[in-house]
Amino acid sequence: MSQQFHYQNDTRVISSSLLDNSSAEFCARFRKFQRRDTQCQAFVKRVIMSRLFKIIMISTVTLNAFFVVLWTDYNTKYNLFRLFEVSELIFVSIYSSEFCMKLYVDPINYWKDGYNLLDVIIIVTIFIPYGLHRFKGKHYPYLNIADGMQSLRILKLITYSRGIRTLITAVGQTAYIVASVLILFFVLMFIFAILGFCLFGTPDRGDLNNWGNLAVAFFTLFSLATVDGWTDLQEQLDNRNLALSRTFTIIFILLATFIFLSMFVGVMIIHTEASFKKFKLELMAERHMALMGEKQVILRRQQEEVSRLMQMQKNADYKSFSELVENFKRTLQHTDPMVLDDFGTSLPFIDVYLSTLDNQDATIYKLQELYYEIAHVLSLMLEDLPQKKRSQTSENSEET
């Protein structure tokens with residue numbers, strides 16, 4: 001028996017090792033596999049990630065939701081039956097094309113994203129009514145449920161809305177805390193349901209409609225927790241002169257509504273606010289990265305221009321670098337961007353910048369001289385003006 005047992009263990013070890021080796025070899029071969037349609041894949045990926053594609057998909061989902069609303073009215077559905085059929089074919093074609101394009105771009109990592117799995121579930125629900133029509137007929141009793149599930153199509157907006165995804169992420173992060181709060185709330189309701197059944201569920205003079213069994217007691221406590229019609233429930237207890245009824249109701253409402261439900265709302269608000277702050281930081285980081293990319297492009301182009309000018313100085317018959325700078329300044333415009341990061345510490349740029357400052361100083365000096373000349377001329381005009389008036393008055397007196 002021991003030899004047979006060792007033999008079985010050896011065979012299991014050998015078979016498991018062979019399986020591990022084969023799986024590792026398969027994974028290694030799959031990683032080494034390279035697609036030959038990389039250009040087409042890159043093109044389809046650019047199309048999917050483009051802003052125009054996202055706008056088209058959001059518009060399609062919104063229009064489909066509008067048609068679903070119109071479809072709920074019987075008269076509109078009867079009058080526009082052909083339009084609904086054609087639009088349904090168009091919507092299903094667009095959704096299927098989107099699924100095929102995303103699956104074509106990345107067939108492995110596509111299934112690792114939860115939002116992509118949500119899209120797959122929506123596409124499956126889209127084709128369920130067609131399958132039931134085909135195999136079960138138009139009079140299948142559960143066909144209305146399949147038609148009602150088509151409202152799930154609007155969930156495709158989650159894929160293209162970062163704000164909604166941030167909110168869902170916040171809800172997912174609070175799942176553990178929320179579950180703990182709900183468990184405590186259930187324990188509280190269990191205790192008070194047993195206590196309420198024992199106090200108010202007696203067959204002789206108790207309230208059997210609200211406290212007759214444990215299920216009804218749970219439903220009554222849920223109404224008390226939401227503070228919906230609790231005065232009517234308490235009035236029924238008061239009519240039967242049940243002792244401790246008001247104390248029981250007040251204590252449960254204080255614990256359930258003002259503690260547990262407030263705790264639940266507070267936890268959700270705190271984690272949602274933290275998620276939105278993280279979302280804003282991510283947006284700022286993305287904008288900063290985009291700005292840094294643009295600055296690097298401008299910096300690279302400016303460095304290439306300066307290198308080209310240096311090469312021109314070596315090859316051409318320029319007497320000095322200042323002459324080269326003067327020729328370069330004639331090509332500059334006031335709208336040309338300039339990045340003063342790393343490039344601003346180079347000697348050629350400092351030479352160009354200082355010469356530009358010299359020209360600005362010369363221009364300001366000329367403007368000051370012109371201003372002084374204008375002020376001097378105006379002062380002379382003001383001095384000559386009274387003399388002319390005196391001469392005119394004297395001439396007038398002589399004539400008289």
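As the structure is a computational prediction, the values presented were derived from the model and not from experiment.

### Description of the overall build of the protein
Then, number 1: Each helix and strand in the protein was counted, giving 15 helices and zero strands.
Then, number 2: Split into buried and exposed, the 400 residues of the protein put 22% on the buried side.
Then, number 3: When contacts within the protein are restricted to residue pairs at least 6 apart in sequence, those whose partners lie at least 24 apart make up 66%.
Then, number 4: Accessible surface, the protein as shown: approximately 29,300 Å² in total, 65% of it carbon and sulfur.

### A closer look at helix α11 (residues 214–225)
Then, number 1: Taking 1.5 Å of rise per residue, 12 residues should cover 16 Å, and α11 covers 16 Å from first to last C-alpha, within 8% of that figure.
Then, number 2: When α11 is considered as a whole, its buried residues turn out to be Ala 217, Phe 218, Thr 220, Leu 221, Ser 223, Leu 224 and Ala 225.
Then, number 3: Measuring from the backbone nitrogen of Ala 215 back to the side-chain oxygen at the start of α11 gives 3.2 Å, which picks out Asn 213 as the cap.
Then, number 4: Just downstream of α11, Val 227 is the residue with a positive phi angle, here 55°.

### What about the pattern of salt bridges?
Then, number 1: The full count for this structure, using the stated rule, is seven salt bridges.
Then, number 2: Residue Lys 102 pairs with Asp 119 through a salt bridge whose shortest N-O separation is 3.9 Å. Residue Lys 102 is located in helix α5 (residues 81–105), and its partner Asp 119 is located in helix α6 (residues 114–135); the two are separated by 17 residues in the primary sequence.
Then, number 3: Given the relative accessible area of 3%, Asp 119 is considered buried.
Then, number 4: The structure contains a network of salt bridges with shared partners spanning Glu 98, Lys 102, Asp 119 and Lys 156.

### A closer look at the nonpolar core
Most often, soluble globular proteins keep nonpolar side chains buried together rather than apart.
Then, number 1: The biggest cluster of nonpolar side chains holds 20 residues, and the ones touching the most others in it are Trp 211, Leu 221, Leu 224 and Phe 252.
Then, number 2: Mapped by element, the contributors of at least two residues to this core are α9 (175–200), α11, α12 (230–239) and α13 (245–315).
Then, number 3: Broken down by element, the residue count for this core peaks at six residues, all from α9.
Then, number 4: Sequence-distant contacts of Leu 221, defined by excluding residues within four places in its chain, comprise Met 189, Phe 192, Ala 193, Trp 211, Phe 248 and Phe 252.

### What to know about the packing of helix α2 (residues 38–49) against α5
Then, number 1: Taken N-terminus to C-terminus, the directions of α2 and α5 make an angle of 130°; their axes are 9 Å apart at the nearest point. Looking at the two axes, α2 sits oblique to α5. Regarding α2 and α5, the two cross each other, and that crossing is left-handed. Where α2 approaches α5, its residues Cys 40, Gln 41, Val 44, Lys 45, Val 47 and Ile 48 are matched on the opposing element by Met 101, Lys 102, Tyr 104 and Val 105.

### Let's talk about the layout of surface pockets
Then, number 1: A volume near 780 Å³ is recorded for the largest pocket.
Then, number 2: For the lining of the largest pocket, the secondary structure elements donating two or more residues are α3 (51–71), α5, α6 and α7 (143–148).
Then, number 3: Element by element, the count of residues in the lining of the largest pocket is highest for α5, at six residues.
Then, number 4: Of the residues that constitute the lining of the largest pocket, the class distribution is 10 nonpolar, seven polar and six charged.

### What to know about the confidence of the model for the protein
Then, number 1: Per-residue pLDDT for the protein averages 77, and the proportion of residues at 70 or more is 77%.
Then, number 2: Confidence over residues 1–16 falls short of pLDDT 50; this stretch has zero contacts with residues more than four positions distant or in other chains.

### Digging into a nonpolar patch on the surface
Then, number 1: A surface patch of nonpolar side chains, amounting to about 620 Å² of accessible area, comprises Ile 183, Phe 186, Val 187, Phe 190, Ile 191, Ile 194 and Leu 214.
Then, number 2: No other element matches the six residues that α9 contributes to the nonpolar patch.
Then, number 3: Looking at where Val 187 falls in the secondary structure, it is placed in helix α9.
Then, number 4: A relative accessible area of 40% means that Val 187 is categorised as partly exposed.

### Describing the packing of α5 against α6
Then, number 1: Direction vectors running N to C along α5 and α6 enclose 145°, while the axes themselves pass 11 Å from each other. Crossing hand, α5 versus α6: left-handed. Here Glu 88, Val 92, Tyr 95, Ser 96, Glu 98, Phe 99 and Lys 102 of α5 lie close against α6, whose contacting residues are Asn 116, Asp 119, Val 120, Ile 123, Ile 126, Phe 127 and Tyr 130.
Then, number 2: Its residues assigned to classes, the contact of α5 with α6 comprises eight nonpolar, two polar and four charged.

### Section: the side chain of Thr 60
Then, number 1: Position of Thr 60 among the secondary structure elements: in helix α3.
Then, number 2: The buried category is assigned to Thr 60, whose relative accessible area is 7%.
Then, number 3: Here the side chain of Thr 60 touches Ile 56 through a polar contact of 2.7 Å, landing on its backbone oxygen.
Then, number 4: Dropping the residues within four chain positions of it, Thr 60 is found in contact with Phe 91, Ile 94 and Tyr 95.

### Details of the packing of aromatic side chains
Then, number 1: Overall, the coordinates contain 14 aromatic pairs when judged by the stated rule.
Then, number 2: Ring geometry for Tyr 371 versus Tyr 372: centroids 5.9 Å apart, planes at 55°, classification tilted. The burial state of Tyr 371 is the same as that of Tyr 372; both residues are exposed.
Then, number 3: In this structure an aromatic cluster arises from ring pairing among Phe 192, Phe 200, Trp 211, Phe 248 and Phe 252.
Then, number 4: Over the ring of Tyr 115 we find Arg 165; its NZ or CZ atom is 5.9 Å from the centre of that ring.

### Thoughts on the side chain of Gln 150
Then, number 1: With respect to the helices, strands and loops of the structure, Gln 150 is situated in the loop between α7 and α8 (162–173).
Then, number 2: For Gln 150, the side chain forms a polar contact with the main-chain oxygen of Thr 125, separated by 2.7 Å.
Then, number 3: The residues touching Gln 150, leaving out its near neighbours within four places in the chain, are Thr 125, Ile 126 and Pro 129.

What counts and what doesn't
Residues numbered from 1 in each chain as written. Predicted model: local features only at pLDDT ≥ 70, side-chain atom pairs only at ≥ 80, totals over all residues. Heavy atoms only, no water. Helix = DSSP H or I, 4+ residues; strand = E, 2+ residues; numbered from the N terminus. Buried < 20%, exposed > 50% of the residue type's maximum accessible area, 1.4 Å probe, protein only. Contact = heavy atoms within 4.5 Å. Areas by Shrake-Rupley, 256 points an atom, 1.4 Å probe, with all protein chains shown as cover. Expected span 1.5 Å × (residues − 1). Polar contact = N/O pair within 3.5 Å; in protein donor to acceptor, adjacent residues only side chain to side chain. Salt bridge = Lys/Arg side-chain N within 4 Å of Asp/Glu carboxyl O. Core = buried A, V, L, I, M, F, W, Y, C linked by side-chain atoms within 4.5 Å. Axes fitted to C-alpha atoms, helices over the stretch in contact; angles between N-to-C directions. Parallel < 35°, antiparallel > 145°, perpendicular 65-115°, else oblique. Left-handed = near helix turned anticlockwise from the far one by under 90°. 1 Å grid on protein atoms, 1.4 Å probe; cavity = no way out; pocket = protein on both sides within 12 Å on 5 of 7 lines; lining within 4 Å. Points joined across faces, edges and corners; volume = space filled by probe spheres on them. Nonpolar A, V, L, I, M, F, W, Y, C, P; charged D, E, K, R; others polar. pLDDT = per-residue confidence, 0-100. Patch = residues over 30% accessible without salt bridge, like charges linked within 9 Å, V, L, I, M, F, W, Y side chains within 5 Å. Phe/Tyr/Trp six-rings, centres within 6.5 Å; stacked < 30°, edge-to-face > 60°. Lys NZ or Arg CZ within 6 Å of the ring centre and 35° of its normal.

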